[in-house]
Amino acid sequence: MSSMSTRVARAQGVGGLEPSGQGLARAGMTARLLGALDVFLSESLRRGPAEELGRSRVLVGANAVLLFCCLVFLLYVPRLAFPVAMGAVGGVCMAGFLASLLLLRRGASSRLPGLLLCAMLTGGFLAAGLRMPDPHVGTHAICMLIPMLSVYLLGPRPGFLFAVVGAVGVGAVLPLWHGVQAGLWIRAWCAALFMLGAWGLSWLILAARDQANLAMVRALRSLRENEGKLTSLLENTEDIVCSVDADGRLIAANPALGEMYRELIGTELAPGDFLFPERAPERLRVRWQQCAAQVMAGKRVRFEASPSKLKRPRVLDISLNPVFDVTGTRVVGMTVFGRDITDRKEAEARLGEMHRSLLDVSRQAGMAEMATGVLHNVGNALNSVNVSVNLLAERLHQSRLPGLKKATDLMASHGADLAAFLTADGRGRQLPSYLQALASQLTGEREELLEEVDTLQKSVEHIKSVVSMQQEHARFAGVVEPLELTALLDDALRLQAVSFERLGIQVKREYTEGTLVKVDRHKLLQILLNLLSNARQALVESGRADKQLTIRVERMVAERLRIAVQDNGVGISPEDAPRLFTQGFTTKKDGHGFGLHISALAAAEMDAFLSCSSEGRGQGATFTIDLPISGEESRA
């Protein structure tokens, strides 16, 4: 497989504009012309820097053009007034141009051939102007080649020297030599000025080209640096990265893909190969063809895969993205990115197991919270039962029933003379009044005993109702069912009623009309008990005399309700509020930081949201549960 930089360069070519037929023809013609010029250059010049090679090619072309001009000039020499002198000038110039070509063929620099060409051109032009009888020869168009070629071939400063020599010759020497009239001087001076202007424009063009070349060099350097960074990144990443063309052939790939490809296919992957050839497993090829069809339609495809032929089981997150052409309308290829997410999947599995464990623990914590409420209420009822039983025992021990037994025994012992006993005997005469008083006392005792029995019966009924309620809530744990929300709130308050009454906490209910909701009774009761317990602790910690707890139920929108548990206790500081529902965070000395976290998880399972608001320490707090009326739980 080729180097990554080559592969990246090829990848960058995807989506470029394809040259047209005319463009290819012009490029071929240009290449043939430049090849013809390179024949006259030495090997070192042909392999030299691009700028030096371009200057050398211009030299070859200029020498060829000037040689042709010299040949035409020599053919015209016999018609001139001084054919010998003019022929000598033409011959010397031709020899100089041929020498320049020879130096280009054998030399390693274009400096000396360029200097020779500019010297022959300037000297030959001025010499010919001096020998020709025409006073207008100084304004010939060939004079403009002097500043242009000298600036390009030798540089601005040497070019300025040749331009000044030519301008002085055209604007002063030749007019003085030929003795032109005053009107012709303006033409000569204009020609000299144009030569200097041509030097200036040539220098500006050269300077602009140099600046453009410098900017291009910097851009290329930056491109190479960025390409090196990108190459290093792709070479060293463990993720698989590659790009393919529209036919599914590989353009670029990093070593991670090559290693995995060897495990899957058993061969090396090279640029130009099909990513999944015929020898690839059928299942992989079909999956690739289906995904590639979607990507070539302009869609982004992402999926997870677990290839079975890898040396170790791995889960890969594969992402296929289309590559568009410069117009953004046609897909010309695609990029493939793959990340090993095995560790993440294992962590998610462990997190899911931990979440299930937390839910089990939360249910146990909720059951413990309910059991605590049950024990509080049952304990209070048992105290009442104990008091009633003690009073009954005390009343029974103090009962006057033994006196009634004595009176009946006395009457039985005088059964034969009962009338005489009741009228003549002093004890007998007192017996009716005694029985009357005893009856009155026994009636009072009976009423007191009945009252205590009624109290005892109510306490026993209360114990039965509390236990029955706890059993009912525990029996429906994990089941979504329709229930009366206000009734569930009353049950939660009833479980905390004993401690609220003992601590002097005033409970205020602000319920809307009765609303049926479909929720998990156990989860919602667990959250409510936790919030009520926290509110009780916050109120106790505040030390306020007017401890107040408000339970509010209100409809938010058509399909959601809000339960608010508001207290005027110690409140929550702003810095603690963001961490309130995180596991392990608590502001209590003996707290474990578990209750609110579990409550938030339970709320999320019911598609509900548990939140808290507080204006700060000492300002109380309000916990709210926003839950759906439909009771559709999130099972994701």
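Keep in mind the model is a prediction, meaning the values are calculated, not measured.

(A) Here's a closer look at the overall build of the protein chain. Across its full length, the protein chain holds 18 helices and 12 strands. When each of the 636 residues of the protein chain is scored for burial, the buried share is 39%. Sequence-distant contacts, at least 24 apart, represent 66% of the contacts inside the protein chain between residues at least 6 apart. Accessible surface, the protein chain: about 35600 Å² in total, of which carbon and sulfur atoms supply 60%.

(B) Just the sheet that holds strand β1 (residues 240-245), in detail. The strand order across the open sheet formed by 5 strands is β2-β1-β5-β4-β3, and the pairing between neighbours is antiparallel. At either margin of the open sheet sits one strand with a lone partner, and together these are β2 (250-253) and β3 (301-305). The mean angle between the axes of side-by-side strands here comes to 20°, regardless of whether they run parallel or antiparallel. By the bridge criterion, 5 bridges tie β3 to strand β4 (residues 316-324) in an arrangement that is antiparallel. The partner of Arg-302 across the bridge, within β4, is Ser-319. Contacting β1, β2 and β4, helix α10 (residues 255-264) runs over the sheet at an angle of about 85° to β1. Together, β1, β3, β4 and β5 (331-340) form the strand contacts of helix α11 (residues 282-296), whose direction differs from that of β5 by roughly 125°.

(C) Expanded view of the environment of Met-86. Here Met-86 shows up in helix α5 (residues 83-106). Overall, the relative accessible area of 1% leaves Met-86 in the buried class. Taking the C-alpha atoms as reference points, Met-86 and Leu-74, separated by 12 residues in sequence, lie 8.1 Å from one another. Residues within four places of Met-86 in sequence aside, it is in contact with Phe-73, Val-77, Leu-80, Ala-128, Arg-131 and Met-132.

(D) Examining the packing of aromatic side chains more closely. Enumeration over the complete set of coordinates arrives at 4 aromatic pairs. Ring geometry for Phe-581 versus Phe-623: centroids 6.4 Å apart, planes at 85°, classification edge-to-face. With a gap of 42 residues between them, Phe-581 in the loop between β10 (560-567) and α18 (595-605) and Phe-623 in strand β12 (residues 621-628) connect regions that are remote in the sequence. On the basis of relative accessible area, Phe-623 is assigned to the buried category, the value being 9%.

(E) Here's a closer look at the packing of α5 against helix α6 (residues 111-131). As a packed pair, α5 and α6 sit with axes 9 Å apart at the nearest point and diverge in direction by 170°. The orientation of α5 with respect to α6, classified from their angle, is roughly antiparallel. Residues Ala-85, Met-86, Val-89, Val-92, Cys-93, Gly-96, Phe-97, Ala-99, Ser-100, Leu-103 and Leu-104 of α5 lie in contact with α6, whose contacting residues are Leu-112, Pro-113, Leu-116, Leu-117, Met-120, Leu-121, Gly-124, Ala-127, Ala-128 and Arg-131. Broken down by class, the residue content of the contact of α5 with α6 amounts to 17 nonpolar, 3 polar and 1 charged.

(F) Seen up close, unusual backbone geometry. With a phi close to 60°, Asp-607 is a non-glycine residue in the positive phi region. The class for Asp-607 is partly exposed, based on a relative accessible area of 37%.

(G) Region of interest: the nonpolar core. Formed by 39 residues in total, the largest nonpolar core has its most connected members in Leu-524, Leu-549 and Ile-625. Mapped onto this core, the elements with two or more residues apiece are α16 (485-503), β8 (516-520), α17 (521-542), β9 (548-557), β10, α18 and β12. For this core, the leading source of residues is α17, giving 9 residues. Contact partners of Ile-625, with chain neighbours within four places excluded, come to Leu-524, Ile-527, Leu-528, Leu-531, Leu-561, Arg-562, Ile-563, Ala-608, Phe-609 and Leu-610.

(H) Structural detail: the sheet that holds strand β7 (residues 506-510). Here 5 strands make up an open sheet; going across it, the order is β7-β9-β10-β12-β11 and the pairing mixed. Here the strands that pair on one side only, and so sit at the sheet edges, are β7 and β11 (609-613). For this sheet, the mean inter-axis angle between neighbouring strands, taken without regard to orientation, is 15°. Relative to β12, β11 runs antiparallel, the two being bridged by 5 bridges. By the bridge assignment, Ser-613 is partnered in β12 with Thr-622. Lying over the sheet, α17 contacts β9, β10, β11 and β12, oriented at roughly 25° with respect to β10. Of the strands in this sheet, β11 and β12 touch α18, which is tilted by about 135° from β11.

(I) Region of the structure containing the pairing of β2. Relative to β2, β1 is paired through 3 bridges, and the arrangement is antiparallel. Its bridge partner lying in β2, Cys-242 is registered against Ala-253. Counted between consecutive antiparallel strands, the loop separating β1 from β2 contains 4 residues, among which Gly-248 sits at a positive phi close to 90°.

(J) Focus on α17. Under the 1.5 Å per step criterion, the end-to-end length of α17 is 31 Å for 22 residues, consistent within 8% with the ideal 32 Å. A large share of α17 lies buried, amounting to 18 of its 22 residues. One or two residues past the end of α17 sits Gly-543, with phi positive at roughly 70°.

(K) Here's a closer look at the packing of helix α7 (residues 145-154) against helix α8 (residues 156-178). The interhelical angle for the contact between α7 and α8, taken along N-to-C directions, is 155°, at an axis separation of 7 Å. In terms of axis orientation, α7 runs roughly antiparallel to α8. The handedness of the crossing between α7 and α8 is right-handed. Here α7 contributes Ile-146, Pro-147, Ser-150, Val-151 and Leu-154 to the contact with α8, which in turn contributes Pro-156, Pro-158, Gly-159, Phe-162 and Ala-163. Classifying every residue of the contact of α7 with α8 gives 8 nonpolar, 2 polar and no charged.

(L) Representation of the environment of Ile-186 within the structure. Tracing the backbone through its elements, the reader meets Ile-186 in helix α9 (residues 182-236). Ile-186 sits in the exposed class, given a relative accessible area of 53%. In sequence terms Ile-186 and Gly-171 are 15 residues apart; their C-alpha atoms lie 8.8 Å from each other.

Analysis parameters
Residues numbered from 1 in each chain as written. Predicted model: local features only at pLDDT ≥ 70, side-chain atom pairs only at ≥ 80, totals over all residues. Heavy atoms only, no water. Helix = DSSP H or I, 4+ residues; strand = E, 2+ residues; numbered from the N terminus. Buried < 20%, exposed > 50% of the residue type's maximum accessible area, 1.4 Å probe, protein only. Contact = heavy atoms within 4.5 Å. Areas by Shrake-Rupley, 256 points an atom, 1.4 Å probe, with all protein chains shown as cover. Pairing = 2+ DSSP bridges. Axes fitted to C-alpha atoms, helices over the stretch in contact; angles between N-to-C directions. Phe/Tyr/Trp six-rings, centres within 6.5 Å; stacked < 30°, edge-to-face > 60°. Parallel < 35°, antiparallel > 145°, perpendicular 65-115°, else oblique. Nonpolar A, V, L, I, M, F, W, Y, C, P; charged D, E, K, R; others polar. Core = buried A, V, L, I, M, F, W, Y, C linked by side-chain atoms within 4.5 Å. Expected span 1.5 Å × (residues − 1). Left-handed = near helix turned anticlockwise from the far one by under 90°.

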